[in-house]
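Topology and contacts: notes
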Amino acid sequence: MLRYLIRRLAWLVPMAVIISAVVFVAMRMIPVDPAELVIGPYATTEQRIMATQSLGLDKPIAEQYAIYLASVLHGNLGRSIKSGKEITALLAETVPNSLLLGGVALALAYLTAIPLGVIAAARQNSMIDQGAMTFALIGIAVPNFWLGLLLVMAFAVGLRWLPATGAGGISHLVLPAVTLGLQYTAIVARMTRSSVLEVLRQDFVRTLHAKGLRPGRIVYGHVLKNAVIPIISLAGLHIGGIIGGAVIVETIFAWPGVGQLLVNSILGRDYPVVQAVLTLLGIAVLLANVLADALYALADRRIRY
């Protein structure tokens, strides 16, 4: 297992380089002159040339990328065109907020969905099962941007129980976390129900019933342990989805995370920041997949890499 993780982490290095190269080239293909963003549209030709040289845009793109990669390896991601701040400082301000929001959203989703799916499977075709699956269907169908607006109207504007925007205490986290996590709650609940039902039909479960074990012990002590692999698979995918969904949710609730930083940078044509954020998000998805593979082996000792 350790050797496998070392190999996977070693593979992350070339994959991260490829991601950064693709993003770097894509940013250079956008029909906007970064030098114009720095000096303004009414600058003289001499000023444009000087700005282009200062940004290194007069060099071949391969040489530009080599210089950029060397700077990244030294911890220098460049500066924001708009604010002039170091990009590392901007990420240091926003990444913890995004990790907090995404972590709470995933925790709410899985802590709610797994018990809900298990109960629905254990009481198949009952009112509880039908109610849980109806909730899951609604959760999948409702877009998170629309749900976020509904929650703001209900709990922030109407009842005035929770703040609508910004970051502060726990109360500021409730609405964005629920908005981000509800869709994943629905998906995980359906997957848990399906996986548990499949395990419940296996022969060893009938043997456990014949031995006189209590149904609760059978379900939570034996069945869920064997049904957890597909759920872990979803967790790896959901981390990537949380990253994408957070862009919308952070914008709706003005949550000061990486998603809002990305949106503001795109709108402001602050391409060095966009480049850094997109590369960071791509590497985060790679790390999520490695984490999911590690969890497979922890959940099922029969799995060997």
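The present account deals with the structure reproduced in this document.

Criteria and cut-off values
Residues numbered from 1 in each chain as written. Predicted model: local features only at pLDDT ≥ 70, side-chain atom pairs only at ≥ 80, totals over all residues. Heavy atoms only, no water. Phe/Tyr/Trp six-rings, centres within 6.5 Å; stacked < 30°, edge-to-face > 60°. Helix = DSSP H or I, 4+ residues; strand = E, 2+ residues; numbered from the N terminus. Buried < 20%, exposed > 50% of the residue type's maximum accessible area, 1.4 Å probe, protein only. Core = buried A, V, L, I, M, F, W, Y, C linked by side-chain atoms within 4.5 Å. Axes fitted to C-alpha atoms, helices over the stretch in contact; angles between N-to-C directions. Left-handed = near helix turned anticlockwise from the far one by under 90°. Contact = heavy atoms within 4.5 Å. Nonpolar A, V, L, I, M, F, W, Y, C, P; charged D, E, K, R; others polar.

1. A word on the packing of aromatic side chains
Describing an aromatic ring pair means giving the distance of the ring centres and the angle of the ring planes. Under the criterion given, the structure shown has four aromatic pairs. Ring geometry for Tyr65 versus Tyr68: centroids 6.4 Å apart, planes at 40°, classification tilted. On the criterion of helical spacing, the pair formed by Tyr65 and Tyr68 is a turn pair, its members being three residues apart in helix 4 (residues 61-73). Each member of the pair, Tyr65 as well as Tyr68, carries the same accessibility label: buried. The structure contains a cluster of three or more aromatic residues connected by ring pairs, namely Phe24, Tyr65 and Tyr68.

2. A word on unusual backbone geometry
Although it is not a glycine, Arg160 sits at a positive phi angle of roughly 60°. The topology assignment puts Arg160 in the loop between helix 7 (144-158) and helix 8 (170-200). The class of Arg160 is exposed, set by a relative accessible area of 69%. Phi at Ala254 is positive, roughly 50°, even though this residue is not glycine. On the basis of relative accessible area, Ala254 is assigned to the partly exposed category, the value being 30%.

3. Description of the nonpolar core
Leu101, Tyr110, Leu180, Val188 and Ile242 are the most contacted members of the largest nonpolar core, which has 25 residues in total. Mapped onto this core, the elements with two or more residues apiece are helix 5 (87-122), helix 7, helix 8 and helix 10 (215-252). At seven residues, helix 8 tops the list of elements feeding residues into this core. In terms of nonpolar packing, the next biggest core, distinct from the first, is built from 16 residues, Ile87, Leu262, Tyr271 and Ala276 among them.

4. Quick notes on the environment of Gly84
By the element assignment, Gly84 lies in the loop between helix 4 and helix 5. Judged by its relative accessible area of 31%, Gly84 is partly exposed. Sequence separation of Gly84 and Thr45 is 39 residues, and the distance between their C-alpha atoms is 23 Å.

5. So, the packing of helix 7 against helix 8
Helix-helix packing is described using two parameters, namely the angle between the two axes and the distance between the axes. At a closest axis distance of 9 Å, the pairing of helix 7 and helix 8 adopts a crossing angle of 145°. Note on packing geometry: the crossing formed by helix 7 with helix 8 is right-handed. On helix 8, the residues touching Asn144, Leu147, Gly148, Leu151, Val152, Phe155 and Ala156 of helix 7 are Leu175, Val178, Thr179 and Leu182. Looking at the contact of helix 7 with helix 8 residue by residue, the classes come out as eight nonpolar, three polar and no charged.

So far we have only geometry, and geometry alone does not tell us how the molecule works.
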